[in-house]
Amino acid sequence: EGVGPQEYTGLKMQITEFGPKAAHIKEKAAGKKVVMVAATLRPETMYGQTNCFVGPSVKYGLYASSSTLGSKEEVLYLVTRRAARNMAYQGLLAKEDVIPEAVYEFTGADLIGSRVNAPNGVHPEVYVLPMETVSATKGTAVVTCVPSDSPDDYITSLDLKKKAEYYGIDPSWVALEPVPVLSTPSYGDLTAKTLVEKFRIQSPKDVKQLAEAKELAYKEGFYQGTMVIGPFKGSKVEDAKTKVREDMIARDLAFAYSE
Ligand code: A2H
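So, here's what we can say about the structure. (Residues numbered from 1 in each chain as written. Predicted model: local features only at pLDDT ≥ 70, side-chain atom pairs only at ≥ 80, totals over all residues.)

Right, let's talk about the environment of K205 for a bit. As for its position among the elements, K205 is in the loop between α5 (191-198) and α6 (207-224). Separated by 53 residues in sequence, K205 and D152 place their C-alpha atoms 9.8 Å apart. (Helix = DSSP H or I, 4+ residues; strand = E, 2+ residues; numbered from the N terminus.)

Next comes the structure, spelled out in structure tokens:
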């Protein structure tokens, strides 16, 4: 990780349907909206979301937020305790500057099979799935899955589909096809797929090749990419990135979150 603060976009993924193991979470939320907040560095790729990842053994909580999403009801953010603490200091929770107390806590495994909104997504709703490599100490530990542009997301999706039984998921929960979001001269419009194949990455455990692929995907996408979808279609990614982010924040689909 670099020095200095990391400026994320906190994407609001509201739970629309609590999954088979999430009944207790729904009960504790007591009718309030529950919003999983995914931390992303690539807000311009949100058109291509296909799933939402959590760490199955990571601990999450529900925290009263300062957001209302247009209703009178208070909204609960679903993030790690560490992220909630950062959010409190950034004025994103109901009470500022205090160590926040969770309404309820549980592990990521309980969320698998739930459905959430995917803001800006071609797929307006996606399933929550497990990702073993989610770090509990980075971002919110909620990761939105964009297999067109993230090699990690692409290979994790393939692995989940292949070993659905092992992971205890319904294979139909894994979205099949990446959605083209941007095009680059070197890798076409499915950068992550191209790089995963080029580096012969077989599983999420191929961390060395994945790190390399990630680096290339990021650089090529940002400096050489052109948007192929959305209101900034035809613009360079370099120009579109900030505009998409600002637009999402203005529409209350996301907020700035840093750590
Ligand atoms: B990115 P950095 Cl399309 N554990 O969003 C593992 N990965 C995490 C995480 C966690 N706790 N929190 C966030 N991330 C992911 C989109 C994306 C991302 C694309 C391409 C590359 C990419 C869709 N997933 O990241 O270590 C999130 O995935 C490549 C680095 O803080 C987030 O942005 O630099 C990124 O890693 C943050 O990583």
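From this point, the discussion proceeds with the structure in view.
In globular proteins that are soluble, nonpolar side chains generally tend to be buried together. Formed by 62 residues in total, the largest nonpolar core has its most connected members in M36, C52, L78, V79 and L129. For this core, the element with the most residues is strand β2 (residues 33-40), which contributes 6 residues. With near-sequence residues (within four places) excluded, L78 lies in contact with V34, V35, M36, V37, Y60 and L62. Judged by nonpolar contacts, the second largest core, of 11 residues, contains Y187, L190, I201 and L210. (Core = buried A, V, L, I, M, F, W, Y, C linked by C-beta atoms within 7 Å. Buried ≥ 20, exposed ≤ 12 C-beta atoms within 10 Å, placed from the backbone. Contact = placed C-beta atoms within 7 Å.)

Attention now goes to unusual backbone geometry. Although it is not a glycine, A30 sits at a positive phi angle of roughly 50°. With respect to the element layout, A30 can be found in the loop between α1 (23-29) and β2. The exposed category is assigned to A30, around which 10 C-beta atoms lie within 10 Å. The phi dihedral of A141 falls on the positive side, at around 70°, and the residue is not glycine. By the secondary structure assignment, A141 is in the loop between β8 (125-130) and β9 (142-145). Residue A141 is classed as buried on the basis of its C-beta count, with 27 C-beta atoms lying within 10 Å.

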